[in-house]
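Below, each chain spelled out in residue letters.
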Amino acid sequence: MRTLAITQNTTVDGAVEMLDDWFDPQGQAGTDNSDLMQEIHRQDERADALLVGRRTFEDFRGYWPGRTDDPTGVSAYLDRVQKYVVSATLTEPGWQHTTVLSGDPVEQVRALKEQPGADIVVTGSITLCHTLIGAGLVDEYRLFTYPVVQGRGRRLFPDGAAADRLRLVECRGFGSGITYSRYARE
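If you're wondering where the values come from, they're calculated on a predicted model, not measured in any experiment. (Residues numbered from 1 in each chain as written. Predicted model: local features only at pLDDT ≥ 70, side-chain atom pairs only at ≥ 80, totals over all residues. Heavy atoms only, no water.)

Observations concerning the overall build of the protein
The condition is simple: Comment: elements are numbered from the N terminus, with helices defined as DSSP H or I runs of at least four residues and strands as E runs of at least two. Atoms counted for the radius of gyration: C-alpha only. Globule rule: 2.2 Å times the number of residues to the power 0.38. Here, two residues are considered to be in contact whenever any of their heavy atoms come within 4.5 Å of each other. Accessible areas in this description were obtained via Shrake-Rupley with a 1.4 Å probe; residue shielding takes into account the shown protein chains only. For the purpose of charge, His is not counted, nor are the chain termini; Lys and Arg are scored as positive and Asp and Glu as negative. Charged groups are reduced to one reference atom each: NZ for lysine, CZ for arginine, CG for aspartic acid, CD for glutamic acid.
Looking only at helices and strands, the protein features five helices and eight strands. Rg of the C-alpha trace for the protein: 16 Å, near the compact-globule value of 16 Å for 186 residues, within the 12% margin. Structurally, the protein occupies a C-alpha span of about 40 × 40 × 30 Å along its principal axes. Residue pairs at least 24 apart in sequence account for 72% of intrachain contacts in the protein once pairs closer than 6 positions are excluded. Of the roughly 9300 Å² of accessible surface on the protein, a fraction of 48% belongs to carbon and sulfur atoms. Across the protein, the centroid of the 20 positively charged side chains sits 3 Å from that of the 27 negatively charged ones.

Here it is, written out as C-alpha cells:
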C-alpha cells in the first residue's frame, strides 16, 4: 500500500493557514535555501502523486504552471507529477496530468492508496487534511516549521481531533531557521 503523507508548512505556534507573509513559495527574500530545496527535491523523488483540495489546486494552477522564472524547480515538478483534486464542483482541471476526484474523498483516497506507485503527498488543503486525518488514512506527517508566530489561523489538527500515536522518523534544521520533522503512525 502506498504511503499517504501530509506535507505542510507551519508556524512555531502551529498555524498552517497562511494569513501573514511568512511563506514565500520561491524562497525567503534572498536567504540561501539550497539545503531546504535539496530536502524538498529528495521528497519529490519519492512521490508520484499530489493530492489537493479544489482551493489549493486553483491557487497552485494560478501560480505554478509553465513558470520559466522558477529557480526552485517546483514548477517543473508540479507540471509533471500526477495531480488528484478532490472537488464536487470542478469538472475541467485545465492543468496537465490532473484527475478530479468527485466522489466520496475517503473512499477515493483509500482506493488511490491501494494502487501501485510511490508516495502520495497532500499539501495545503486544510479541509481535506482534516477529513483524511479523521478517517485514519494519513501514514506520515512531514512538517516544515518556520521560525515565526502568526497568532491565529487554522491548524493541521482541528480542535478535538485525535490521531494515532506518532513516532519521530527524522528531524533536521536548515540554515534559514526552518526545521523539518517527519512523523509516522506507530
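As for the packing of aromatic side chains
In this description, an aromatic ring pair is defined by two values, namely the gap between the centres and the angle between the planes. The following threshold applies: Aromatic contacts are taken between Phe, Tyr and Trp rings whose centres are within 6.5 Å, Trp giving its six-membered ring; a plane angle under 30 degrees counts as stacked, one over 60 as edge-to-face, and the others as tilted. Exposure categories follow from relative accessible area, calculated using a 1.4 Å probe and restricted to protein chains: below 20% of the type maximum is buried, above 50% is exposed, and the middle band is partly exposed.
The final tally for this structure, using the stated rule, is five aromatic pairs. Consider the rings of Phe144 and Phe174, whose centres lie 6.4 Å apart with planes at 25 degrees: the pair is stacked. Separated by 30 residues along the polypeptide, Phe144 in strand 6 (residues 140-146) and Phe174 in the loop between strand 7 (166-173) and strand 8 (179-185) bring together distant segments of the chain. Each of the two residues, Phe144 as well as Phe174, counts as buried. Three or more aromatic residues joined by ring pairs make a cluster, and in this case those are Phe144, Phe174 and Tyr180.

Some details on the pattern of salt bridges
Where we set the bar: Counted as salt bridges are all cases of a side-chain nitrogen of Lys or Arg within 4 Å of a carboxyl oxygen of Asp or Glu.
Under the criterion given, the structure shown has 15 salt bridges. Across the salt bridge formed by Asp119 and Arg46, the nearest N and O atoms sit 4.0 Å from each other. Of this pair, Asp119 sits in strand 5 (residues 119-122) while Arg46 sits in the loop between helix 1 (34-45) and strand 2 (47-53), and the two are 73 residues apart along the sequence. In this structure Arg46 comes out as partly exposed when scored by relative accessible area, which is 27%. The structure contains a network of salt bridges with shared partners spanning Glu39, Arg42, Arg46, Asp119, Glu140, Arg142, Glu170, Arg172 and Arg182.

What to know about the sheet that holds strand 1 (residues 4-11)
Strand pairing within a sheet occurs via backbone hydrogen bonds; the two strands may be parallel or antiparallel. Selection rule: At least two bridges found by DSSP between two strands are what make those strands a pair. Axes here mean lines fitted to C-alpha atoms, for a helix over just the part in contact, with angles spanning 0 to 180 degrees between N-to-C directions.
The strand order 4-3-2-5-1-6-8-7 describes an open sheet built from eight strands, whose pairing is mixed. One side of each edge strand has no neighbouring strand; the edge strands of this open sheet are strand 4 (98-101) and strand 7. Along the sheet, successive strands turn relative to each other by an average axial angle of 25 degrees, direction set aside. Where strand 7 meets strand 8, seven bridges bridge the pair, whose relative direction is antiparallel.

As for the confidence of the model for the protein
Note the threshold: pLDDT expresses, on a scale from 0 to 100, how confident the predictor is about each individual residue.
Across the protein, the average pLDDT comes to 90, with 96% of residues at 70 or higher. Mean pLDDT values over the elements of the protein span from 87, in helix 3 (residues 74-80), up to 97, in strand 5.

Describing the pairing of strand 5
Side chains Asp119 and Val121 of strand 5 all project onto a buried face; the interleaved residues Ile120 and Val122 project onto the opposite face, where all are buried too. For strand 1 and strand 5, the ladder comprises three bridges, and the chain directions are parallel. Bridging across to strand 5, Ala5 finds its partner in Val121. With four bridges connecting them, strand 2 and strand 5 associate as parallel partners. Bridged to Ala47 within strand 5 is Asp119.

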